[in-house]
Structure formats: C-alpha cells, structure tokens
Amino acid sequence: MKLLFGCVARVRVIGYEHAERVGGFLLAANHISHFDPLIISSVVRRKIDWMAMAEFFPNPFLGSFLRAVDAFPADRYRADRKTIRTAIERLNEGRIVGVFPEGGIRDGARSLLEGAPLRPGASTLAHMAAVPILPCVIVGSDRFYSKKSWLPLRRTPVWVAFGDPIPPFPDTEKSAARERLERELAAAFKHLYAEVREKFSLTPDDLPHPPRERMIGRVGALRRPPKAFGAARHPYHYRALPFSRAAANTVDLLVCASMNFVQSRHRLHARSCEEMERYVAECEKLTPHDFYAAPRDGEIASAIGDAYGATVTWRSPIDSKFSANNIARADFFPCPRGWSAPTVLMLHALMSASHVGYRRWAAHFNELGWNACFVHLPYHYSRVPRGYWNGELAITADLIRNAEGLRQGVIEVRQLMAALRERGCNEFGILGTSYGGWIGALLAIVERDFRFVALMAPIVNVEHAIWESPASAFMRRELRRAKIEPSLVMRHFHLSSPMHNEPLCSAERVLFVAGDFDLIARPADIEKIQQKWRGSELLHVRQGHFGYRMLRETIARLKERGL
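For the chain, the average pLDDT comes to 87, and 91% of its residues sit at 70 or higher. Throughout residues 218–243 the model reports pLDDT below 50, and contacts reaching past four residues in sequence, or to other chains, amount to 68 contacts.

See below:
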C-alpha cells in the first residue's frame, strides 16, 4: 500500500504521533471511500486489524485477501457476539482494531463530519475492552473513484488527521461512559475536520462527494437532458467511466463459469422428456393471468399486521419439495409517510452476492418519500435449503422447477401488493435485476398499479438464456441428455417469456436498462422488447451483465423521471 499510494497520492498527515502509541487501541475513522482502510494503513507503521463488512467474506478472492491481512467480519445491522469477542481479544493482545462508526460510506449531511449521529458500537467496544479510541479523519480518498487520479504523475492529495486518544472511562457506569465517549468522539471528528480544512485551505471540490459524482464527473454528467414521463422514448446513454468490452466480457465469462460449476455440484439433472411433456401440456391451457393468479387468503395480511417496518414471513402458495423455500419473506424499510406511501419492490439477481446495496438504496427511496421492500425470491437468502448455495436451485436443468420458481416469485409479490393495498398503498415501483428483472417483467404483464418498472439486464429472451447463454452450458448438456428439444420448451413461452407478452401496466412506466457488453441479457434482445413494448424507455450502461454501475445509473434516471 505504501508503494501503490506513494506513486499516485500525496498524503499529508496531522497528529501522526498519536497513531504511533503503544498498546491496544481502537482506531475510529470517518468513511468516504473503499480506499480509506488502505490509505490509513499505509501511513500507520503498526498493523491495523480492520472490521470489514461481513458481506465481503463469502467472495473467495476478496475474503482470502481480507483474512490474509487479519481483517475480520462485522454485521452492520446487528450486534454479533463473535465479532465483539474477536475485537476484544485482539485489543487485549495490544493490537490496533480499525472501525468505521458510520457503518458505511457517507458524505454530506449523512456524514459524522457534518454532525450525523454515531453508531454506538465503537464506544461500547472501547469501554468493554478498556482501551482508548483514537479518532481519525480522512479527506480526499474519494477522488480515487476517478480514473484520472490513478495517473502516476498526478499525485492526488489526501489528508489524514489523528486526534488525541479518548480514554475509555473504566470507572464510570456503562451507559454514562458510552454516552461520554460518543460525545467526545463526535466533537473530535468535527474538530479534526475543521483543522484539516483550515490548515490546508481545502476547496469545496476537496471535500467528500458521493462515489457516483467522482466517477462520472461533477460537470456534464449526462449527454442528454432528462425527459419527463410521457415524452418520446429512445435509448438513453450516460457518460460514465470507460469500461472495455474485453474487461466486461472477462468478468461475465468468469461468473458464468462459476455458475456452471455451481450447477454441477449436485448434478441437478433435467426432468424426463415425458414429465416435461405432461407439464407443458397442462400449462398450454392457461393464460398468464391464470398461471400467476394469487390466492385470496388472509395469511399474509395477518403476518403483516400493524408491524410497520418489520420483516414479514408467510406460507408460500406454491409448495416445493424444500421446506425452507416454502416460507416467503420480505424485509420492509418504511418512510415517515406510513402505509399510504408508494412502495418500491426490490427484486434481486440470481445468486445475488449481497443484500447490502439494496438496503442502502432503500434508504435513498425512504428519503424520497417511498417505502421500500426487499423481497427474498425463491431459493435465495432465507429460503436456501441446507446443503445448497444461495440461488443454486432457482435456475437449473430442471425446467419445471425453474418455471414453478418464477411462478412462485410472481405470485408472492402479488400477494404482498394485495396486502399493502388493504393498508392504503395504491402505487408501486419495481426495481428488478437480471433474474429479479425477469420476475419484474412478468409482474408488469399481470399487474397495472406501477409508477415505474425498472428492469436492469432482465432475462427477456428465454430461448437464448437456455440454449445459447454462456451461463447455461451445464444446463444444456443435461437437457440434451434428457432429449428435451427447444420446440418442447417453447410451448411454455406464452407464460414464462416477457418477449412473448405485452404489459398490462402502461408501457410508458417501463424502463429497460441494458449493459452494452452484456453476454447474458444481450442489448439486442432488450432493444427488441423495448420496441415491442411501445412507449417504454431504454437506458444503456457501459458494463457487462455483472457490475454495480447499472443500479446507480438506473436510480439516477428514475429520479430524473420523477419516479
């Protein structure tokens, strides 16, 4: 880190002597970018054991790196005894433990530098371990989201300030000690921030900005001015960081290879041709409204009750052979307006790596006056059967289970919408990604009460998804072994393929988002359905199927359209 940031950054440090103290202590820093722990570690001679988001550790590459540098996982949404025990043990061994009391990347009014409240974890931990807290303020690291900052001769300035250590007040009662620690730590952050700005005469551009603003530039972010709802629809492009086709294709192919590996773990074989024939013959008698009809019962309504903002579980109307998958779940994130506010339904991608990003965007929707609801889709998150991985069973060579999983997801969301209507919510939004975008498109076919339907890299060409996509190579092999022909599968497309249907809601409410280099949900396929769903809009984003830029640009466009 010293070598890397020595080439691309000019780090100026205040109060360096405070960071060189001996013994164990808690280093608490503000958080404005993913580069903060790397830069802070590069200027402190002693090694820092950072608390890192638990969601990073399941990734085999990132998890291995974090463990190699003695980082350890922390759940940002609940107190975890193992995390607390690990931190206290290391502090008692005389080591430095690094924490970000904000719980995530923050800027502006949401930042503790601007007076936002601290989370109580740091003060509680310091008091329990009887070690001091060393406040640290970092400014300028968010500039490294811009590619220009990585030019070797540019030497982007970064400022780091360490304050006086705050004692743990071991002789004070626990709650009073924690309150005093929080008060002194908050004052220290404000003081150090003011000192850095005054000493180095920082300009407004030097101060923290959202990562997206640093990525796309502060000025001229959009090629075209925004258009309101009802205006003529056309492909809409953002000017984002260049992302080469080769790099995007490499990422897509690597993830597709891992998906094929997951498929082979349990050798999830295809159903027999005879079973498929019987299933398709029965489905041919149904319309989408029949296939996705939600039962009218009070189980989900009673599950929601009056618990505004709670996690809701109910018995799924579709039974699978896996008991864990038969319990539907939705996590609510309420805004102050109550049940009557419009609700955005967040539908995640296949084998989604983490729900953290969705929770973060839920907070943004809350600020805009929307309730948010993160739906656990079939075979994902809380619904994963023992012995399987997240989403492993959602899309396999068992096409009947795939179709029933889609049906299950659509019906459960419709049940949820019906229950919310009973409480006064009459408008909804869909934010769906990939597999979730597929389910979102099917919902648009059978529901009309949508303010917007944002479908990011949705699976709309089911024929390509099964017979050509690099993510389904193992699936194709198993289907050919079972002698299941494409013509047989196509007989179900009137129920499962968005390309073969029209939306029941107004097409002007639909926003399709395509990755320019996507190998799975190909831009040509999304352009084709956008033209078929007349009045819908198409947004192009320069990434492959897998990436985080698409979600940022989609929500930015929704805000411009007035949600």
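What follows picks up the thread again.
Attention now moves to the sheet that holds strand β6 (residues 133–139). One open sheet holds the 7 strands; their spatial order is β1-β7-β6-β2-β5-β3-β4, and the pairing between them is mixed. Two strands in the sheet have a free side with no partner beyond their single neighbour: β1 (9–14) and β4 (72–74). Strand-to-strand twist of the sheet, defined as the mean angle between neighbouring strand axes without regard to direction, takes the value 25 degrees. Two strands pair when backbone bridges link them, and strand β2 (residues 25–29) and strand β5 (residues 96–99) are joined in this way by 4 bridges, in the parallel orientation.

Below, the discussion takes up the side chain of S434. Along the chain, the position of S434 falls in the loop between β13 (428–433) and α15 (435–446). Accessibility expressed as a relative area gives 9% for S434, which makes it buried. When neighbours within four sequence positions are excluded, S434 is seen to be in contact with A349, M456, A457, P458, I459 and H545.

Here we take up the packing of aromatic side chains. Within the structure shown, the criterion is met by 20 aromatic pairs. With a centroid separation of 6.3 Å and an interplanar angle of 15 degrees, the aromatic rings of F365 and F452 are classed as stacked. Of this pair, F365 sits in helix α13 (residues 356–367) while F452 sits in strand β14 (residues 450–456), and the two are 87 residues apart along the sequence. For the pair shown, F365 and F452 are each scored as buried. Their ring planes at 90 degrees and their centres at 6.4 Å tell us that Y435 and W438 sit as a pair that is edge-to-face. In this pair, Y435 and W438 both sit in helix α15, 3 residues apart, roughly one turn of the helix. Across the pair, exposure class does not vary: Y435 and W438 are buried alike. Among the aromatic residues, those joined into a cluster by ring pairs are F5, F35, F144, Y145 and W150. Over the face of the ring belonging to Y193 we find R197, whose NZ or CZ atom lies 4.2 Å from the ring centre. For the cation-ring pair, R407 lies above F291, with the distance from its terminal atom to the ring centre recorded as 4.9 Å.

Reading the values: the criteria
All chains use their own residue numbering, which begins from 1 and follows the written sequence. Residues qualify for local features only when their pLDDT is at least 70, as the model is predicted, and side-chain atom pairs are given and counted only at 80 or more; totals for whole chains, interfaces and linings, by contrast, use all residues. Just so you know, side-chain values use all the structure's heavy atoms and leave hydrogens and water out. Per residue, pLDDT measures the predictor's confidence, with a range of 0 to 100. Two residues form a contact once any of their heavy atoms are found within 4.5 Å. Only strands that DSSP links by at least two bridges are regarded as paired with each other. Helical segments are the DSSP runs of H or I of at least four residues, strand segments are the runs of E of at least two, and each set is numbered from the N terminus. Interaxial angles span 0 to 180 degrees and are taken between N-to-C directions of axes, which are lines fitted to C-alpha atoms, for helices over the stretch in contact. Remark: exposure states derive from per-residue accessible area (1.4 Å probe, protein chains only) relative to the maximum for the residue type, with buried under 20%, exposed over 50%, and partly exposed in between. Centre distance within 6.5 Å is the pairing criterion for rings of Phe, Tyr and Trp, where only the six-membered ring of Trp is used; planes under 30 degrees apart are then read as stacked, over 60 as edge-to-face, and the remainder as tilted. Think of it as a cone above the ring: NZ of Lys or CZ of Arg counts as a charge over the ring if it is within 6 Å of the ring centre and within 35 degrees of the ring normal.

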